[in-house]
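# Breakdown of the fold
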Amino acid sequence: KQEVTQIPAALSVPEGENLVLNCSFTDSAIYNLQWFRQDPGKGLTSLLLIQSSQREQTSGRLNASLDKSSGRSTLYIAASQPGDSATYLCAVNGDSNYQLIWGAGTKLIIKP
Amino acid sequence: DAGVIQSPRHEVTEMGQEVTLRCKPISGHNSLFWYRQTMMRGLELLIYFNNNVPIDDSGMPEDRFSAKMPNASFSTLKIQPSEPRDSAVYFCASSMPPNTEAFFGQGTRLTVV
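This report concerns the structure included in the present document.

The rules behind each value
- Residues numbered from 1 in each chain as written.
- Chains lettered and ligands numbered in written order.
- Predicted model: local features only at pLDDT ≥ 70, side-chain atom pairs only at ≥ 80, totals over all residues.
- Heavy atoms only, no water.
- Contact = heavy atoms within 4.5 Å.
- Buried area = accessible area lost by both parts, 1.4 Å probe.
- Salt bridge = Lys/Arg side-chain N within 4 Å of Asp/Glu carboxyl O.
- Polar contact = N/O pair within 3.5 Å; in protein donor to acceptor, adjacent residues only side chain to side chain.
- Helix = DSSP H or I, 4+ residues; strand = E, 2+ residues; numbered from the N terminus.
- Nonpolar A, V, L, I, M, F, W, Y, C, P; charged D, E, K, R; others polar.
- Buried < 20%, exposed > 50% of the residue type's maximum accessible area, 1.4 Å probe, protein only.
- Pairing = 2+ DSSP bridges.
- Core = buried A, V, L, I, M, F, W, Y, C linked by side-chain atoms within 4.5 Å.

Okay, the interface of chain B and chain A next. The interface of chain B with chain A comprises 18 residues on the first partner and 18 residues on the second. A combined buried area of about 1,500 Å² lies between chain B and chain A, and 53% of that area is made up of carbon and sulfur atoms. The interface formed by chain B and chain A contains zero salt bridges. The interface formed by chain B and chain A holds three residue pairs in polar contact (both at pLDDT 80 or more) in total. For the side of chain B that touches chain A, the secondary-structure elements that each account for two or more residues are β4 (31–38) and β5 (42–50) of chain B. Here the residues of the side of chain B that touches chain A sort into nine nonpolar, five polar and four charged.

Here it is, written out as structure tokens:
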């Protein structure tokens, strides 16, 4: 059974720092991995989708990497800003081909 | 496209009442998902539709929950009768096809008192 873990559960850093959020999964047989952001009381915004054949995806200050063999993905945020404060979730599309398996999220606070 | 649209955004109802949540997926998406999010259990998939047909409803908690997708642009999730433990945020998401990027609505925050 696929399990997704996100570490740390919470992170607080000063503005301007580069940071890395981690996501690990137990079964390497995945179709893709998606990173989302959730603001308090809001919906989930898709940030990046990495297909199983890809190693990384970039969007602006965000870079997500995928290492299937080790069951890991990282979300790198460059030059963090207070507006980046949110909960970041990763989700793995597993063997059912539609069922997203979710991590519990990392709550990120960027201090001005 | 306006994205996935859910209504209402907030719903407060009394225990025993019927609640209907609505979702309009992104035009052209053929996969639709209903999720429930709580602090204790995180995000749970309730039901998945593909081309308007329910494919997996194993996540529906019990018979009090039902979902329909009468056409490609509309889906409902109904709870009858509602109970306080149903209080949660309910999300609708769509994608095309099912294992591609999923887009979520803003959610409906349901409170059953």
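With an omega dihedral of 0°, the bond running from Ile-7 of chain A to Pro-8 of chain A counts as a cis peptide bond. As for its placement among the helices and strands, Pro-8 of chain A is situated in the loop between β1 (4–7) and β2 (10–14). Of the consecutive residues Ser-7 of chain B and Pro-8 of chain B, the connecting peptide bond is found in the cis state with omega at -10°. Mapped onto the secondary structure, Pro-8 of chain B falls in the loop between β1 (5–7) and β2 (10–13). If you check the backbone angles, Asn-52 of chain B has positive phi at about 75° while not being a glycine.

Residues and elements named next belong to chain B. Every second residue of strand β11 (residues 108–112) is oriented toward a common face, the buried set being Thr-108, Leu-110 and Val-112 and the non-buried set Arg-109 and Thr-111. Here β2 runs beside β11; their pairing, made up of four bridges, is parallel. Looking at the pairing, Val-12 lines up with Thr-111 of β11. Where strand β9 (residues 88–95) meets β11, three bridges bridge the pair, whose relative direction is antiparallel. Opposite Tyr-90, over in β11, you have Thr-108 as the bridge partner.

Right, let's talk about the nonpolar core for a bit. Counting residues in each nonpolar core, the largest one holds 23 residues, and the members touching the most others are Leu-19, Phe-25, Leu-33, Trp-35, Leu-75, Ile-77 and Tyr-88 of chain A. For this core, the secondary-structure elements that each account for two or more residues are β3 (19–25), β4 (32–38), β5 (44–51), β7 (62–67), β8 (72–77), β9 (86–93) and β11 (106–111) of chain A. Residues in contact with Leu-33 of chain A, not counting those within four places in the same chain, are Cys-23, Phe-25, Leu-48, Leu-49, Ile-50, Leu-66, Ser-73, Cys-90, Ala-91 and Val-92 of chain A. Among the nonpolar cores identified, the runner-up in size contains 21 residues, and Val-19, Tyr-90, Cys-92 and Val-112 of chain B belong to it.

We now examine the pairing of β11 of chain A. Residues and elements named next belong to chain A. Covered by surrounding structure in β11 are Thr-106, Leu-108 and Ile-110 only, the residues Lys-107, Ile-109 and Lys-111 on the alternate face being uncovered. By the bridge criterion, five bridges tie β2 to β11 in an arrangement that is parallel. Pairing of Ser-12 across the sheet is with Ile-109, part of β11. Summarising the sheet, β9 and β11 pair through three bridges and their orientation is antiparallel. Paired with Thr-87 across the bridge in β11 is Lys-107.

Such coordinate-based values are descriptive only and should not be taken to indicate function.
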